[in-house]
Amino acid sequence: MKPVIREIRSEDIRSILEDLSSIMAACVNEGASIGYLTPFGVEEAKAFWTFVRGTLESGARRMLIAETGGHITGTVQVGLDMPPNGRHRADIMKLMVGPASRKQGIGKALMLAAEDTARQERRTLLVLDTAGDEAERLYKTLGWTVAGKVPAYARSTTGVLEATTIMWKMLG
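I will try to describe carefully the structure that is included in this document.

Digging into unusual backbone geometry
Across the chain, the bulk of peptide bonds are trans and the bulk of non-glycine residues have phi less than zero. The linkage connecting Thr38 with the following residue, Pro39, adopts the cis geometry, with an omega of -5°. Non-glycine residue Lys103 carries a positive phi angle of around 70°. For Lys103, the location among the structural elements is in the loop between β4 (89-97) and α3 (106-120).

See the structure below:
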């Protein structure tokens, strides 16, 4: 089943907080390198989404979700808060697809929608970082280029320092 991608506004966060928090906790506890260590609980995820709500309200980010069969199966954010000399670019942040929903094209659909969102904001350069080989393969198939790898950039979910790949894409 093809996912439906839609944008989430700050006022929508409350109604989907449980679903977003469950997906995030599952992703982190399965090893997703999105800034948190295991064990990671739903309450910690709720605090994150409460923070995100403020960034959506201020316009610093835009957020998309994927729904499959009426259930939230993934999410991604487009970071727009840049200094004056960087307002041509955006950061792709926190791409998450629930573990049970992977390998169904949801990550690809979210990334393509995130690129469209960046275009709407007149951004011509996108940047992201990733520590996952599978995610890196996805980004490469979508035309992203590796800028380089930074050793010992961040801790894995288990606390081990690991390299992070920095990637970029010019939008046409």
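Here the narrative resumes.
Here we look at the packing of aromatic side chains
Inspection of every chain in the model, using the stated rule, returns four aromatic pairs. Taken together, a centroid distance of 4.9 Å and an interplanar angle of 50° make the contact between Tyr36 and Phe40 tilted. A relative accessible area of 26% places Tyr36 in the partly exposed class. The class of Phe40 is buried, set by a relative accessible area of 3%. Of the aromatic side chains, those joined through ring pairs into one cluster are Tyr36, Phe40, Phe48 and Trp49.

Considering the pattern of salt bridges
Using the criterion set out here, one finds twelve salt bridges in the structure. One salt bridge connects Glu67 with Arg6, and the closest N-O pair in it is separated by 3.0 Å. Of this pair, Glu67 sits in strand β2 (residues 61-68) while Arg6 sits in strand β1 (residues 4-8), placing them 61 residues apart in sequence. For Arg6, a relative accessible area of 34% translates into the label partly exposed. In this structure, Glu18 engages Lys46 in a salt bridge whose closest nitrogen and oxygen atoms are separated by 2.7 Å. Of this pair, Glu18 sits in helix α1 (residues 13-29) while Lys46 sits in helix α2 (residues 42-58), placing them 28 residues apart in sequence.

Looking at the side chain of Thr55
Summarising the element assignment, Thr55 is placed in helix α2. Once residues within four sequence positions are removed from consideration, Thr55 is found in contact with Ala60 and Arg61.

As for the environment of Ser15
Positionally, Ser15 belongs in helix α1. The exposure class of Ser15 is exposed, given its relative accessible area of 64%. Here Asp12 takes part through its backbone oxygen, which lies 2.9 Å from a polar atom of the side chain of Ser15.

With respect to α1
Three- or four-residue spacings in an α-helix give side chains the same orientation, since the helix completes a turn every 3.6 residues. The largest bend along α1 measures about 35° and falls at Asp19. The inward-facing, buried residues of α1 abut β1, α2, β2, β3 (71-79) and β4.

Conventions used here
Residues numbered from 1 in each chain as written. Predicted model: local features only at pLDDT ≥ 70, side-chain atom pairs only at ≥ 80, totals over all residues. Heavy atoms only, no water. Helix = DSSP H or I, 4+ residues; strand = E, 2+ residues; numbered from the N terminus. Phe/Tyr/Trp six-rings, centres within 6.5 Å; stacked < 30°, edge-to-face > 60°. Buried < 20%, exposed > 50% of the residue type's maximum accessible area, 1.4 Å probe, protein only. Salt bridge = Lys/Arg side-chain N within 4 Å of Asp/Glu carboxyl O. Contact = heavy atoms within 4.5 Å. Polar contact = N/O pair within 3.5 Å; in protein donor to acceptor, adjacent residues only side chain to side chain. Bend = angle between axes of the 7 residues up to and from the residue.

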